[in-house]
Amino acid sequence: MKDRLKKVVLEVLPDIDVENSEDFFDDGLDSMGVMTMITLIEKEFSIQVDTADVTADNFSDFMGLVHLLEKYNVK
């Protein structure tokens, strides 16, 4: 799951070290990037991300995204 998620993040933020980035927003992630990332995550993992889960904590770094996917039982 982590390798697939890393590819999703790199589609939106191609020039970062995904797993070592401390804050995707500092690396250039904006609201349009979050929406793109949600679309890509939903497609890649066949899930529907609840709007309540679209928070800065969930999208600010790689582990936040990992925890989000774990919530949806993605392995």
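The structure we're discussing is the one just above.
Here the structure is a predicted model, which is why all the values come from computation and not from measurement. (Residues numbered from 1 in each chain as written. Predicted model: local features only at pLDDT ≥ 70, side-chain atom pairs only at ≥ 80, totals over all residues. Heavy atoms only, no water.)

When you look at the overall build of the chain in this model, what are you seeing that I'm missing?
Secondary structure summary: the chain contains four helices and zero strands in total. Reading the helices (α) and strands (β) of the chain from amino to carboxyl end gives α-α-α-α. Taken over the C-alpha trace, the chain has a radius of gyration of 11 Å; the compact-globule value for 75 residues is 11 Å, and the two agree within 12%. If one aligns the C-alpha atoms of the chain with their principal axes, the spans along those axes are about 25 × 25 × 20 Å. Out of the 75 residues in the chain, the part that is buried amounts to 39%. Excluding contacts between residues fewer than 6 apart, the proportion of contacts in the chain whose partners are at least 24 apart in sequence is 55%. (Helix = DSSP H or I, 4+ residues; strand = E, 2+ residues; numbered from the N terminus. Rg over C-alpha atoms; globule rule 2.2 N^0.38 Å. Buried < 20%, exposed > 50% of the residue type's maximum accessible area, 1.4 Å probe, protein only. Contact = heavy atoms within 4.5 Å.)

Where do I start with the packing of helix α1 (residues 2-12) against helix α2 (residues 31-45) in this structure?
A pair of packed helices can be characterised by two numbers: the angle between their axes and the separation between those axes. Across the interface, α1 lies against α2 with an axial gap of 9 Å and an inter-helix angle of 150°. The angle between the axes of α1 and α2 places the two elements in the roughly antiparallel class. Regarding α1 and α2, the two cross each other, and that crossing is right-handed. Here Arg4, Leu5, Val8, Val9, Glu11 and Val12 of α1 come into contact with α2, specifically with Gly33, Thr36, Met37, Leu40, Ile41, Glu44 and Phe45. (Axes fitted to C-alpha atoms, helices over the stretch in contact; angles between N-to-C directions. Parallel < 35°, antiparallel > 145°, perpendicular 65-115°, else oblique. Left-handed = near helix turned anticlockwise from the far one by under 90°.)

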